[in-house]
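# Structural characterization, general
Single-letter residue listing:
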Amino acid sequence: MYRFLLTRQWVILTLVALALIPTMIELGFWQLHRHEHKVALNKVISDSLAAKPVPVETATTPGRQIRDDDLYRRVTAKGRFDTAHEEVVRRRTNADGEVGYHVLTPFVLTDGRVLMVNRGWVPADGAQTAFPKIPAPAAGEITVTGRLMADQTTADSGIKNVRGLPDRQVMLISSEQEARRLGKQVLGGYIEQTAPAPRGGSPELIPDPEHSDIGPHMAYAIQWWLFSAGVPFGWVVLVRRERRDRAEAAAAAQSAPEAEPAGV
């Protein structure tokens, strides 16, 4: 009755179904883990933005990787901007989706160490081989406040760290790379400046990160698990249909009248 399951076509179909079930279950758990990561990151961002600012020296040191719990933590730093060694980070967009640069300026602390400060976004008005016009920051010793960020990597950002760029232009922010360039001790990570606000609104300060959207990952996880449950159900439906079609074909063959001999 079910001998057709041993045919090549049905063996292949059954093996494919058996392979799809654990694959879809695993994809569901992958989406679940992404959901959990997003929820945890949102909490870290929310807690960090709500916390009282702390001196940057308490959250990072030269060569240190920023811990997940310290991401977006509000920190303060006292010192002066070193615009002579300022750089720009290419292909960055503002809140309106316009492409330009992020302004990366070394901030020399009172103890001589350096903190890299992303002062915000400026438009790409001229040729990308030319250094853009950037409004100067406040001169002299000041106190800046910002969100502590981890060094950028290609793995995390998806941005390729292109070599051979025009002078004073980079693709990714790396404190280790800046330490080699400046020949000074550079604190790990960098900050996105939030205060003081620039005169004239340029560079545009980077807005607070979105931390209320949890994304569609949980819905995707449920979909994958429903798909995995549907595979055996679909296989059973196909088997029953094949059995019925074969039974009907066999019955039709048995009931068909025998053909009369030729010439009678």
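Just above, that's the structure.
To keep things clear, this report deals only with the structure shown in the data block. None of the values given here were measured: they were computed from a predicted structure.

The rules we used
- Residues numbered from 1 in each chain as written.
- Predicted model: local features only at pLDDT ≥ 70, side-chain atom pairs only at ≥ 80, totals over all residues.
- Heavy atoms only, no water.
- Axes fitted to C-alpha atoms, helices over the stretch in contact; angles between N-to-C directions.
- Helix = DSSP H or I, 4+ residues; strand = E, 2+ residues; numbered from the N terminus.
- Parallel < 35°, antiparallel > 145°, perpendicular 65-115°, else oblique.
- Left-handed = near helix turned anticlockwise from the far one by under 90°.
- Nonpolar A, V, L, I, M, F, W, Y, C, P; charged D, E, K, R; others polar.
- Phe/Tyr/Trp six-rings, centres within 6.5 Å; stacked < 30°, edge-to-face > 60°.
- Buried < 20%, exposed > 50% of the residue type's maximum accessible area, 1.4 Å probe, protein only.
- Lys NZ or Arg CZ within 6 Å of the ring centre and 35° of its normal.
- 1 Å grid on protein atoms, 1.4 Å probe; cavity = no way out; pocket = protein on both sides within 12 Å on 5 of 7 lines; lining within 4 Å.
- Points joined across faces, edges and corners; volume = space filled by probe spheres on them.

## Side note on the packing of helix α1 (residues 8-50) against helix α4 (residues 217-255)
Where α1 contacts α4, the two axes come as close as 6 Å, and the packing angle between them is 165°. In terms of orientation, α1 lies roughly antiparallel with respect to α4. Along this stretch, α1 crosses α4, giving a crossing that reads as left-handed. Residues that form the contact of α1 with α4 fall into these classes: 21 nonpolar, 6 polar and 2 charged.

## Looking at the packing of aromatic side chains
A complete count under the given rule lists 5 aromatic pairs for this structure. With a centroid separation of 5.2 Å and an interplanar angle of 65°, the aromatic rings of Phe29 and Trp225 are classed as edge-to-face. Highlighted residues: Phe29 in helix α1 and Trp225 in helix α4, separated in sequence by 196 residues. The class for Phe29 is partly exposed, based on a relative accessible area of 37%. Relative accessible area serves as the criterion here: at 28%, Trp225 is assigned to the partly exposed category. Taken together, the ring pairs connect Tyr2, Phe4 and Trp10 into an aromatic cluster. Seen from the ring of Phe81, Arg119 lies directly overhead, with NZ or CZ sitting 5.8 Å from the centre. Here Arg168 stacks its cationic end above the ring of Phe131, 4.0 Å away from the centre of that ring.

## Notes on the layout of surface pockets
Size it by volume and the largest pocket reaches roughly 1200 Å³. For the largest pocket, the lining is made up of 43 residues, of which Ala150, Asp151, Gln152, Thr153 and Asp156 are closest to its centre. Of all elements in the fold, only α1, α2 (154-157), α3 (175-182) and β8 (190-195) reach the threshold of two or more residues within the lining of the largest pocket. For the lining of the largest pocket, the element with the most residues is α1, which contributes 6 residues. Looking at the lining of the largest pocket residue by residue, the class counts come to 17 nonpolar, 14 polar and 12 charged.

## Digging into the environment of Gly126
Within the fold, Gly126 resides in the loop between β5 (114-123) and β6 (142-149). For Gly126, a relative accessible area of 52% corresponds to the exposed category. Measuring from C-alpha to C-alpha, the distance between Gly126 and Trp235 comes to 61 Å, with 109 residues separating the pair along the chain.

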